There are 2 protein chains.
Amino acid sequence: MNIKDIKSPADIRNLSVSELRLLCHDLREALLHKLSVHGGHIGPNLGMVEAAVALHYVFDTPKDKIVFDVSHQTYVHKMLTGRINAFLDEAHYDDVTGYTNPGESEYDLFTIGHTSTAVSLAGGLAKARDLRGGSENVVALVGDGSLSGGEAFEGLDFGATLDSNFIVVVNDNDMSIAENHGGLYESLRQLRETDGQSEPNYFKSLGFDYKYVAYGNDVDELIKAFEGVKDIKHPVVVHINTQKGKGYAPAEADRETFHYGSPFDIPTGHPTHIDETPDYGDVTARHLLQMMHKDSTVAAITAGTPGVFGFDPERRKQAGNQFIDVGIAEQEAVALASGMAKGGAKPFFGVVSSFVQRAYDQLSQDVAINNTPVVIGLFYATMYGMNDVTHLGWFDIALISNIPGFVYLAPTCKEEYLAMLDWAMAQNEHPVAIRIPGTAVVETGRTFPTDYSDLNKYSIDRRGKDMAIIGAGAFYGLGEKVVAMLVEKGFEPTLINPRYLSGVDEDLLRDLEKDHRLVVTLEDGVLDGGFGEKIAGFYGLTPMKVKCYGLRKEFADRYDYGALAEANRLNPSLITEDIERILSEK
Amino acid sequence: MNIKDIKSPADIRNLSVSELRLLCHDLREALLHKLSVHGGHIGPNLGMVEAAVALHYVFDTPKDKIVFDVSHQTYVHKMLTGRINAFLDEAHYDDVTGYTNPGESEYDLFTIGHTSTAVSLAGGLAKARDLRGGSENVVALVGDGSLSGGEAFEGLDFGATLDSNFIVVVNDNDMSIAENHGGLYESLRQLRETDGQSEPNYFKSLGFDYKYVAYGNDVDELIKAFEGVKDIKHPVVVHINTQKGKGYAPAEADRETFHYGSPFDIPTGHPTHIDETPDYGDVTARHLLQMMHKDSTVAAITAGTPGVFGFDPERRKQAGNQFIDVGIAEQEAVALASGMAKGGAKPFFGVVSSFVQRAYDQLSQDVAINNTPVVIGLFYATMYGMNDVTHLGWFDIALISNIPGFVYLAPTCKEEYLAMLDWAMAQNEHPVAIRIPGTAVVETGRTFPTDYSDLNKYSIDRRGKDMAIIGAGAFYGLGEKVVAMLVEKGFEPTLINPRYLSGVDEDLLRDLEKDHRLVVTLEDGVLDGGFGEKIAGFYGLTPMKVKCYGLRKEFADRYDYGALAEANRLNPSLITEDIERILSEK
């Protein structure tokens, strides 16, 4: 059949095996073309073509439920479920998100973007089905990399106790984003090498029945396996061995680079546009490698995302045993860092803002209560970073700055970042988190203090009167622009770099009361529970007016950066306009 | 030897096996006496007598490091490490905390109170040792119940990759606080029944070497096992089978009741004082059971702490498959609830405030982004609840109220709680969390609205002028007292029950501006990121004065309730005094 005619999975259920093989070929060609023009998760989707076809061929979707972990491997699932046009027509490429999305299709059960959740969510569907007296199949599809997250373990441990249909498909391509790390992966390797026969078997140890499929890119073999477990009345794991990047040689050869990528040239695999803009990840890795060279107890920790802070395979090799990948396990990364700091090492955990959320309890209990001097670098902590609803870098200020004992620093440029990083790694007094500006590297050539141990001392970079602008972190630049506009209009604004998100400089704020009527705060995150509210709370009993700028509390999805900024009045002209109006009132 | 002469573990290392047996007997007697007078974790500590002795006998503590999971089983460890007096002399019983505490002793590595962290923390100590070039043994002791938490899995998965000494002692007493839940426990049972020989073996599947000790309350057998792994150069699990409550018949017979308890009569095991005060857990279980009876899709979920919301064994039996214990796995509990709600069931997750912290990401991603109508009841969310630093119920307002989409309700009394609970369980529009007042049940006989779908509408319970008191949840009563005092002094205060912690009633607050000069907020939690700051932020540009009462951001340990209240001016007289002063200024 012509793939453009696929309206729903029902359209493929009458095909013969040879027709299905042809279908897989055509789907993969179309997918590769879109990926080469549009970018996206390349390897995971190329590897899942046959499994997606086989799942929808065998199971009676949408009555039967399939929950995809992370859901970054669902492009073919989308092609089969009424959304083929978004993969064939360039004008419609952006009609679909990169993840499952119930707003798009009844075949998508949840909006998912973080790892290791699918088994738990599907377990809930299965339990609800049992309470309702339903009989549909419930399937969770989870990658081998995602198994390293604690939530996946918890989901399996519970799921195994269901006395009913529960099918977990483990899509094992022997890779996470980078290579896998964890003791589990040696036993998975043995299972692959023994056609699923070896002991110990992790899934059986948790109480699952177990089936192995050696050729997870053979649609016929997959169909037989899925038919064998359809309508089964107990929990079963179907372990399928797939190839990441299957069918596209460059992606098969360099699986880490092709996990996710921007547009590329199909014949060579080379990116169409090479982004040479320096980024803070690169800055961080270079700096840490220098530190590691001088001090063998300095270590960098990642939870399965080494590229986030510049540790490509070559740099990981250079770092040797001073680079630690714990798997996609943020809880472990934070607790491990605390143990290492207690044991006399100097750990730096580099993590995406949205992913550190998984380790709140560890930040509080394992680190802050124990006051271990770990250093945590938060990347993509900005409204100008990832704009998928599951990856927003907006919430970390409220999350971290309100934990007692954590020093949460907000550098405004590269020079200040490195000064803060040097101090954080050298000191032994506090847990420190650094909110690395989420935007492009800003180099100012300025020099900054080398000591941040006198906590919560803000810097007045320009002393004026009437109004003070406190520009935190990446929004310091916004503050500079507002100040420039105000100066042009004849005002004499004060400009403050607060440096600390986790506390209030009471002396400085009190001093402003002498000759200021308005304090404006600017933060690159949600206002609720954030930095500005602390300033507003401080001035609650004084005549000082306080206006806080940041994002309103909401989940936005694939938003336009400029439109979101405008909606929250986050641009210099709007802010300047507001300030003028406020000052003119009484 | 006389146990009162134990100054350090060195004092027991020259004893013979028969002397050690005698020592264990005497330690257990002393422990039981203290427990009967003082209360505490009874079962876990009685079961650990021999293991604590054997660990300190074999390992060269404090050079060798032992990290205890949860650390509620460390009473004998404390007796052996310079703190025996706190177990023998009633006047000194409270010299020690119920958990490990580095402030007490160099033998205590971390302050620990949440489960499933020890393997991760010890892994960090081991990794730091390797980077430093040290050679000490690193031991983590973890209970079977704690293995159900994802962080323990993550810790094992990483720990197995250490190419060096790493010893995990699994203290398996076949119990969590209540019975264990999870597929893992069947394979642990098989290991116990086959003297450690059965496959599948969970620990081996993660890459650990494995040893089994059948009689984990035999000090000689334990010593031999620990000597066998001391100085080992790879990761090993020593699985010891102990008996919870060992040596005290009532605790052996009723292991759930004797997990933790208040003082009791040794001959009978009966509690010395029976607390008949009704509590919100009891109220909750009764109410949910009624709902379950009417609707088979209503379900109660616990993460290993069913007693928190009144589900004793008899009620769990009544609830049948509508009661779900996922193990000590808050991430799973929240994600499962989301899946269940999506699948058409009505889940209620009852959880301790301090423990819900482990599921922030799931509250945000699995629930809020998906807008699934789960209901979460937070217990002990108060400064008047558990006062161990690891169990503070102070942080949940900042944690939950700032997640977009979550409706966080704060009932002020039993009647309002049940009205809110009924609404939350019946509606399908929002995820709802309810901050159940942490203090004793307050019955007012008042009637409350049955519909809370018009979000963020506060209730004005008394309309006055000049000053408004907003008393949230459990602190509404404090607000009433303040109002009474103010009235007595001739003021006409307004009293507001905000009902919602997750939003601001803008219309109502704006209306107050007409004839009020001061708004006072009262919340039973940390101010930073909390409720009051939202009110202060709202009024930032107006002349309205705002004064927020709550707790300052800190970790307090075993504090005196009255003293902490006083330090934060949380009593009616102090607040009234403040209000008079503020109103008299200009």
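What you see is a predicted model, and the numbers here were worked out from it, not measured in a lab.

(A) Local environment of the overall build of chain A. In terms of helices and strands, chain A carries 23 helices and 16 strands. Taking the principal axes of its C-alpha atoms as reference, chain A extends roughly 80 × 55 × 50 Å. Counting over 586 residues, chain A shows a buried share of 67%. A fraction of 76% describes how many contacts in chain A between residues 6 or more apart in sequence connect residues 24 or more apart. Counting 53 positive and 84 negative side-chain charges, chain A places the centres of these two groups 3 Å from one another.

(B) A look at the interface of chain A and chain B. Each partner contributes to the interface: chain A provides 102 residues, whereas chain B provides 102 residues. Note on chain A versus chain B: buried area summed over both sides is about 8,200 Å², and carbon and sulfur give 59% of it. Along the contact surface separating chain A from chain B lie four salt bridges. A salt bridge links A:Arg358 to B:Asp361; the shortest N-O distance between them is 3.1 Å. Summed over the shared surface of chain A and chain B, the result is 44 residue pairs in polar contact (both at pLDDT 80 or more).

(C) Spatial organisation of the relation of the copies chain A and chain B. Superposition of chain A onto chain B requires a rotation of 180 degrees combined with a translation of 0.0 Å along the rotation axis, giving an RMSD of 0.0 Å. Look at the turn and shift together and you get a two-fold axis relating the two. Comparing contact sets, 100% of the residues at the interface of chain A also lie at the interface in chain B, consistent with an isologous, same-surface contact.

(D) Structural view of the sheet that holds strand β5 (residues 235–241) of chain B. All names here are of chain B. If you walk across this open sheet you meet the five strands as β1-β2-β3-β5-β4, and the pairing is parallel. For this open sheet the edge positions go to β1 (65–68) and β4 (209–213), each flanked by a neighbour on one side alone. Sheet twist, expressed as the mean angle between neighbouring strand axes with direction ignored, is 20 degrees. In the sheet, β4 pairs with β5 via five bridges, with the strands oriented parallel. Bridged to Lys211 within β5 is Val238. Along the sheet, helix α3 (residues 49–58) makes contact with β1, β2 (138–143), β3 (166–172) and β5, crossing β1 at roughly 160 degrees. Contacting β3, β4 and β5, helix α8 (residues 184–193) crosses the sheet at an angle of about 75 degrees to β5.

(E) Up close: empty space enclosed by the protein. Within the structure shown, the criterion is met by 11 cavities of 30 Å³ or more. Taken as a whole, the largest cavity holds about 110 Å³ of empty space. The wall of the largest cavity is formed by 14 residues, among which A:Tyr360, A:Ala398, A:Leu399, B:Ala398 and B:Leu399 lie closest to the centre. Of all the secondary-structure elements, those providing two or more residues to the lining of the largest cavity are α17 (396–401) of chain A together with α17 (396–401) of chain B. The class makeup of the residues in the lining of the largest cavity is 11 nonpolar, two polar and one charged. Roughly 60 Å³ of volume is contained in the second largest cavity. Along the walls of the second largest cavity sit 13 residues, with A:Ala410, A:Arg435, A:Ala472, A:Gly473 and A:Ala474 positioned nearest its centre. When its residues are assigned to classes, the lining of the second largest cavity shows eight nonpolar, two polar and three charged.

(F) Main features of α3(B). The buried count for α3(B) comes to 10 of 10 residues, which makes it a mostly enclosed element. Within α3(B), burial applies to B:Val49, B:Glu50, B:Ala51, B:Ala52, B:Val53, B:Ala54, B:Leu55, B:His56, B:Tyr57 and B:Val58.

(G) The sheet that holds strand β4 (residues 209–213) of chain A, seen in detail. Residues and elements named next belong to chain A. One open sheet holds the five strands; their spatial order is β1-β2-β3-β5-β4, and the pairing between them is parallel. Each having just a single partner strand, β1 (65–68) and β4 make up the two edges of the open sheet. Strand-to-strand twist in this sheet, taken as the mean axis angle between neighbours without regard to direction, amounts to 20 degrees.

(H) Region of the structure containing helix α1 (residues 17–38) of chain B. Residue and element names in this part refer to chain B. The end-to-end C-alpha distance of α1 is 31 Å, a good match for the 32 Å that 22 residues give at a rise of 1.5 Å each. On its buried side, α1 packs onto α2 (42–47), α3, α4 (75–80), α5 (85–88) and α10 (219–229). Following α1 by one or two positions, Gly39 has its phi on the positive side, about 80 degrees.

(I) Structural view of the packing of aromatic side chains. Residue and element names in this part refer to chain B. Throughout the structure, instances matching the rule amount to 48 aromatic pairs over all chains. On the basis of an interplanar angle of 35 degrees and a centroid distance of 4.7 Å, the ring pair of Phe311 and Phe323 is categorised as tilted. In this pair, Phe311 sits in the loop between β6 (298–302) and α13 (313–319) while Phe323 sits in strand β7 (residues 323–325), placing the two residues 12 residues apart along the sequence. Taken as a pair, Phe311 and Phe323 share a single burial class, namely buried. The interplanar angle of 35 degrees and the centroid separation of 6.2 Å between the aromatic rings of Trp394 and Phe395 together place this pair among those described as tilted. Assessed through its relative accessible area of 7%, Phe395 is described here as buried.

(J) Summary view of the pattern of salt bridges. Residues and elements named next belong to chain A. Under the criterion given, the structure shown has 76 salt bridges over all chains. Ionic pairing is found between Arg463 and Asp511, a salt bridge with its closest N-O pair at 3.0 Å. Taken together, the residues span a long stretch of sequence, with Arg463 in the loop between β12 (459–462) and β13 (466–471) and Asp511 in helix α20 (residues 506–512) at a distance of 48 residues. One connected set of salt bridges, linked through shared partners, spans Arg569, Glu577, Asp578, Arg581 and Glu585.

(K) Spotlight on the packing of helix α19 (residues 476–488) of chain A against helix α23 (residues 572–584) of chain A. All names here are of chain A. The geometry of α19 relative to α23 is characterised by a closest axis approach of 9 Å and an angle of 55 degrees between their N-to-C directions. Overall, the two elements α19 and α23 adopt an arrangement that is oblique. The two elements α19 and α23 cross, and the hand of that crossing is right-handed. Of the residues in α23, those in contact with Leu478, Lys481, Val482, Met485 and Leu486 of α19 are Pro572, Ser573, Ile575, Thr576 and Ile579. The residue makeup of the contact of α19 with α23, split by class, is seven nonpolar, two polar and one charged.

(L) Molecular detail of the environment of A:Asn2. All names here are of chain A. Within the fold, Asn2 resides in the segment before α1 (17–38). Looking at Asn2, the relative accessible area reads 41%, which means it is partly exposed. Through-space distance from the C-alpha of Asn2 to that of Asp26 is 8.3 Å; in sequence the pair is 24 residues apart.

(M) Quick look at the confidence of the model for chain A. Here chain A averages 97 in pLDDT, and 100% of its residues register 70 or above. Confidence metrics for the complex model read pTM 0.98 and ipTM 0.97.

(N) A look at the side chain of A:Lys127. Here A:Lys127 is to be found in helix α6 (residues 118–132). With no salt bridge to any partner, buried A:Lys127 finds its closest opposite charge in A:Asp130, at an N-O distance of 6.1 Å. Aside from chain neighbours lying at most four places away, what touches A:Lys127 is A:Leu162, B:Asn321, B:Ile324 and B:Met340.

(O) Up close: unusual backbone geometry. Of note, the bond from A:Thr61 into A:Pro62 is cis; its omega dihedral lies within 30 degrees of zero at 5 degrees. Tracing the chain through its elements places A:Pro62 in the loop between α3 (49–58) and β1. The omega torsion across A:Glu199 and A:Pro200 is 0 degrees, close enough to zero to call that bond cis. Positive phi outside glycine occurs at B:Tyr380, with the angle close to 55 degrees. Of note in the backbone geometry, B:Asn456 takes a positive phi value of approximately 65 degrees without being a glycine. Examined against the element boundaries, B:Asn456 turns out to sit in the loop between β11 (432–435) and β12 (459–462).

Here is what the cut-offs are and how they apply
Residues numbered from 1 in each chain as written. Chains lettered and ligands numbered in written order. Predicted model: local features only at pLDDT ≥ 70, side-chain atom pairs only at ≥ 80, totals over all residues. Heavy atoms only, no water. Helix = DSSP H or I, 4+ residues; strand = E, 2+ residues; numbered from the N terminus. Buried < 20%, exposed > 50% of the residue type's maximum accessible area, 1.4 Å probe, protein only. Contact = heavy atoms within 4.5 Å. Lys, Arg positive; Asp, Glu negative; His and termini not counted. Charge placed at Lys NZ, Arg CZ, Asp CG, Glu CD. Buried area = accessible area lost by both parts, 1.4 Å probe. Salt bridge = Lys/Arg side-chain N within 4 Å of Asp/Glu carboxyl O. Polar contact = N/O pair within 3.5 Å; in protein donor to acceptor, adjacent residues only side chain to side chain. Least-squares fit on C-alpha atoms with pLDDT ≥ 70 in both. Pairing = 2+ DSSP bridges. Axes fitted to C-alpha atoms, helices over the stretch in contact; angles between N-to-C directions. 1 Å grid on protein atoms, 1.4 Å probe; cavity = no way out; pocket = protein on both sides within 12 Å on 5 of 7 lines; lining within 4 Å. Points joined across faces, edges and corners; volume = space filled by probe spheres on them. Nonpolar A, V, L, I, M, F, W, Y, C, P; charged D, E, K, R; others polar. Expected span 1.5 Å × (residues − 1). Phe/Tyr/Trp six-rings, centres within 6.5 Å; stacked < 30°, edge-to-face > 60°. Parallel < 35°, antiparallel > 145°, perpendicular 65-115°, else oblique. Left-handed = near helix turned anticlockwise from the far one by under 90°. pLDDT = per-residue confidence, 0-100.

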